[in-house]
Amino acid sequence: MYQSIAWYATLFLVFLLALAFAFVYGESRKLREYGPIQEKGYKIRKFYFLGLLAVMGLATAMSLSKLPYHNQHAIAKGKTTVVEVTGLQYAWELSDEEFTVGDEVLFQVTSKDVTHGFGVYDPDLKLIAQTQAMPHYTNTATIKFDKPGTYKILCLEYCSVGHHVMMKEITVKPKEGSDDHNE
């Protein structure tokens, strides 16, 4: 959905830019005094700048609010399961692959060979956490699983020709006594 919106917005803005260039080209063919044109330009350019600043600020605020990083450090204090994760061409090795809804999981992520991108996707394939898997270094990602299902771990960093097969599935089961058993 967001790619379609970005695509149509880009086409619209390119069209507006082409119109602006066509207008400037058409106006440049006419002979006029430069002074009044310059004066008018100086008067309106601050409004163009403020408008551009407002549009860019709004676009930044809207896009940053959709990123999955804001919840990673807001996990409540309590029991946290630590899972050791190692990335290697072209697989993920995890110390645990089954969890329960409500579990807080701290993934400690490293790599045996090259840099990989550790991305955790929920059952709807929405990115919920990510970090880098780097050789000789451990990064962390904390997740509190809120719905049951099969989650996918994908590599987000091109790591060579087999990058596309670097996937792992983890299972999040419903809490005992819960009626929510959809996977």
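Refer to the structure above for everything that follows.
Residues numbered from 1 in each chain as written. Predicted model: local features only at pLDDT ≥ 70, side-chain atom pairs only at ≥ 80, totals over all residues. Heavy atoms only, no water.

Caption draft 1: Focus on the nonpolar core. The biggest cluster of nonpolar side chains holds 23 residues, and the ones touching the most others in it are Trp92, Phe107 and Phe145. Among the secondary structure elements, those contributing two or more residues to this core are strand 1 (80-88), strand 2 (91-94), strand 4 (104-111), strand 5 (116-121), strand 6 (127-133), strand 7 (139-144), strand 8 (149-155) and strand 9 (167-173). Discounting residues that sit within four places of it in the chain, Phe145 has contacts with Phe99, Thr100, Val101, Gly102, Asp103, Val105, Phe107, Tyr151, Ile170 and Val172. (Core = buried A, V, L, I, M, F, W, Y, C linked by side-chain atoms within 4.5 Å. Buried < 20%, exposed > 50% of the residue type's maximum accessible area, 1.4 Å probe, protein only. Helix = DSSP H or I, 4+ residues; strand = E, 2+ residues; numbered from the N terminus. Contact = heavy atoms within 4.5 Å.)

Caption draft 2: Region of interest: helix 2 (residues 34-64). With 31 residues, helix 2 should reach 45 Å at 1.5 Å per residue; the first-to-last C-alpha distance of 43 Å fits that figure. The sharpest bend along helix 2 measures roughly 30 degrees and falls at Ile44. The element helix 2 is largely exposed, with a buried count of zero among its 31 residues. (Expected span 1.5 Å × (residues − 1). Bend = angle between axes of the 7 residues up to and from the residue.)

Caption draft 3: Region of interest: the packing of aromatic side chains. Taken as a whole, this structure holds five aromatic pairs when the rule is applied. Each ring, one from Phe99 and one from Phe145, has its centre 5.5 Å from the other, and the planes form 20 degrees; the classification is stacked. With Phe99 in strand 3 (residues 98-100) and Phe145 in the loop between strand 7 and strand 8, this pair connects stretches of sequence that are 46 residues apart. A ring pair is formed by Phe107 and Phe118, whose centres lie 5.4 Å apart and whose planes are at 50 degrees; its orientation type is tilted. Taken together, the residues Phe107 in strand 4 and Phe118 in strand 5 connect sequence positions eleven residues apart. Both residues of the pair, Phe107 and Phe118, belong to the buried class. An aromatic cluster is defined as three or more aromatic residues linked by ring pairs; in this entry it consists of Trp92, Phe99, Phe107, Phe118, Phe145 and Tyr151. (Phe/Tyr/Trp six-rings, centres within 6.5 Å; stacked < 30°, edge-to-face > 60°.)

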